[in-house]
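Report on the structure
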Amino acid sequence: METVPSAGELLMRKHLIAVLICLLPNLALAEVRILVLGDSNTWGSDASGSGHDAGSRWGPVMGAALEDAVVIEEGRIGRRTDLQHGTPLDNIGLTVQTPLPDVAAQHLPLDLAVIMLGTNDLQARLRRDAETIARSAFSLARILRAGGVRQVLVVAPPPLKEPQKGRLASLFGAAAEPSERLALAFSQISQRTGIPMFDAGQVTKADGADGVHLTAKAQRRLGRAIAPAVQQLLSASAQDAAE
């Protein structure tokens, strides 16, 4: 004989169903969402002006090495650390008052953002030294953190390699030497702010024919190298959330 549920049992079932409905959106967002924010080397430009495919861009390569990661690529040719606002950002040591830029806000929620910017800041007409570029890059990272991005990793871009001999010499002809100083400047601001950084120069230089962009091989090498650093940050964030 079939047992008829009591009123209390029916009420409990309704509560359980309601809880499951509330949890479904969170379950759908169980994957890790990562924004990669950069310039033409994130977009995937090669020295000829064309683009690398997804299998040879550092962002997707990094994502493929991570578990349950959704990588959102926001690479733009010519992008600088100031996101084209005209002057370098500088909120180091100050309260962040700049709102989250649309390039990141449209993709929320974000577990992590990886910023690789600074190469275009080296253009001679801008007259920016390594410390100014580093402060601007980490100021952008602080804006992202204040705007709700849970973790940010700042990547010091690969040093340029004889750009005076390539097709972009008019823009970057004298930038090889200052590009070599970016990693130290980024490291110093990283220590001051507590925002982690990764030195792409330990993995590759700008090995494209123009001395500014990365070959497909270098892109893949960079993506594989960044992945463990990203995984470490994600694991630490998950552990903090669990405590």
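Scroll up to find the structure this text is about.
**Observations concerning the packing of helix 5 (residues 130-146) against helix 8 (residues 182-193)**
Two packed helices can be described by the angle between their axes and the distance between those axes. Two numbers describe how helix 5 lies on helix 8: the axes approach to 8 Å, and their chain directions differ by 45°. Classed by the angle they form, the pair helix 5 and helix 8 counts as oblique. For helix 5 against helix 8, the interelement crossing comes out right-handed. Residues Ala130, Glu131, Ile133, Ala134, Arg135, Ala137 and Phe138 of helix 5 touch helix 8, and the partners they reach there are Leu182, Ala185, Phe186, Ile189, Ser190, Arg192 and Thr193. Residues of the contact of helix 5 with helix 8, tallied by class, amount to 9 nonpolar, 2 polar and 3 charged.

**Things to note about the sheet that holds strand 2 (residues 69-75)**
Reading across the sheet, the 5 strands line up as 2-1-3-4-5 and stay open at both edges, with parallel pairing between neighbours. Of all strands in the sheet, those with a lone pairing partner are strand 2 and strand 5 (197-199), marking the two edges. For this sheet, the mean angle separating the axes of adjacent strands, direction not counted, is 20°. On top of the sheet, helix 8 reaches strand 4 (152-156) and strand 5; it is set at about 160° to strand 5, its chief contact.

**Section: the pattern of salt bridges**
Following the criterion strictly, the structure yields 9 salt bridges and no others. The partner of Asp111 in a salt bridge is Arg150, with the nearest N and O atoms 2.5 Å apart. One end of the pair, Asp111, is in the loop between helix 4 (102-105) and strand 3 (112-116); the other, Arg150, is in the loop between helix 5 and strand 4, with 39 residues separating them in the sequence. Taking the shortest distance from any N to any O, the salt bridge between Lys205 and Glu180 comes out at 2.9 Å. Here Lys205 is found in the loop between strand 5 and helix 9 (216-242), whereas its partner Glu180 is found in helix 7 (residues 176-180), with 25 residues between them in sequence. You can call Glu180 partly exposed: its relative accessible area is 41%.

**Re the packing of aromatic side chains**
Per the counting criterion, the structure on display carries 1 aromatic pair. Here Phe138 and Phe186 contribute two aromatic rings whose centre-to-centre distance is 5.8 Å and whose plane-to-plane angle is 70°, an arrangement assigned as edge-to-face. Within this pair, whereas Phe138 is found in helix 5, its partner Phe186 is found in helix 8, the two being separated by 48 residues in sequence. As far as burial versus exposure is concerned, Phe138 and Phe186 are alike and both buried.

**Quick notes on the nonpolar core**
Counting 38 residues, the largest nonpolar core has Ile115, Leu140, Leu144, Val152, Val154 and Phe186 as its most contacted members. Residue assignment for this core shows that the elements contributing at least two residues are strand 1 (32-38), helix 4, strand 3, helix 5, strand 4 and helix 8. Not counting chain neighbours up to four residues away, the residues in contact with Val152 comprise Ala113, Ile115, Ala141, Leu144, Arg145, Ile195 and Pro196. Within the second largest apolar cluster, 22 residues are counted, among which are Val114, Phe198, Ala227 and Leu233.

**Regarding the pairing of strand 4**
Regular strands place their side chains on alternate faces of the sheet. Of all 5 residues in strand 4, 5 are buried, a share of seventy percent or more. As defined by bridge partners, strand 3 adjoins strand 4 across 3 bridges and the pair is classed as parallel. Bridge pairing links Val114 to Leu153 in strand 4. Each parallel crossover has a hand, and the one from strand 3 via helix 5 to strand 4 is right-handed. Alignment of strand 4 against strand 5, held across 3 bridges, turns out to be parallel. Opposite Ala156, over in strand 5, you have Asp199 as the bridge partner.

**Looking at the layout of surface pockets**
Size it by volume and the largest pocket reaches roughly 220 Å³. Surrounding the largest pocket, 12 residues form its lining, Val32, Asp111, Leu234, Ser235 and Ala238 being those nearest its centre.

Cut-offs used in this document
Residues numbered from 1 in each chain as written. Predicted model: local features only at pLDDT ≥ 70, side-chain atom pairs only at ≥ 80, totals over all residues. Heavy atoms only, no water. Axes fitted to C-alpha atoms, helices over the stretch in contact; angles between N-to-C directions. Helix = DSSP H or I, 4+ residues; strand = E, 2+ residues; numbered from the N terminus. Parallel < 35°, antiparallel > 145°, perpendicular 65-115°, else oblique. Left-handed = near helix turned anticlockwise from the far one by under 90°. Contact = heavy atoms within 4.5 Å. Nonpolar A, V, L, I, M, F, W, Y, C, P; charged D, E, K, R; others polar. Pairing = 2+ DSSP bridges. Salt bridge = Lys/Arg side-chain N within 4 Å of Asp/Glu carboxyl O. Buried < 20%, exposed > 50% of the residue type's maximum accessible area, 1.4 Å probe, protein only. Phe/Tyr/Trp six-rings, centres within 6.5 Å; stacked < 30°, edge-to-face > 60°. Core = buried A, V, L, I, M, F, W, Y, C linked by side-chain atoms within 4.5 Å. Right-handed = clockwise from strand over helix to strand, strands pointing away. 1 Å grid on protein atoms, 1.4 Å probe; cavity = no way out; pocket = protein on both sides within 12 Å on 5 of 7 lines; lining within 4 Å. Points joined across faces, edges and corners; volume = space filled by probe spheres on them.

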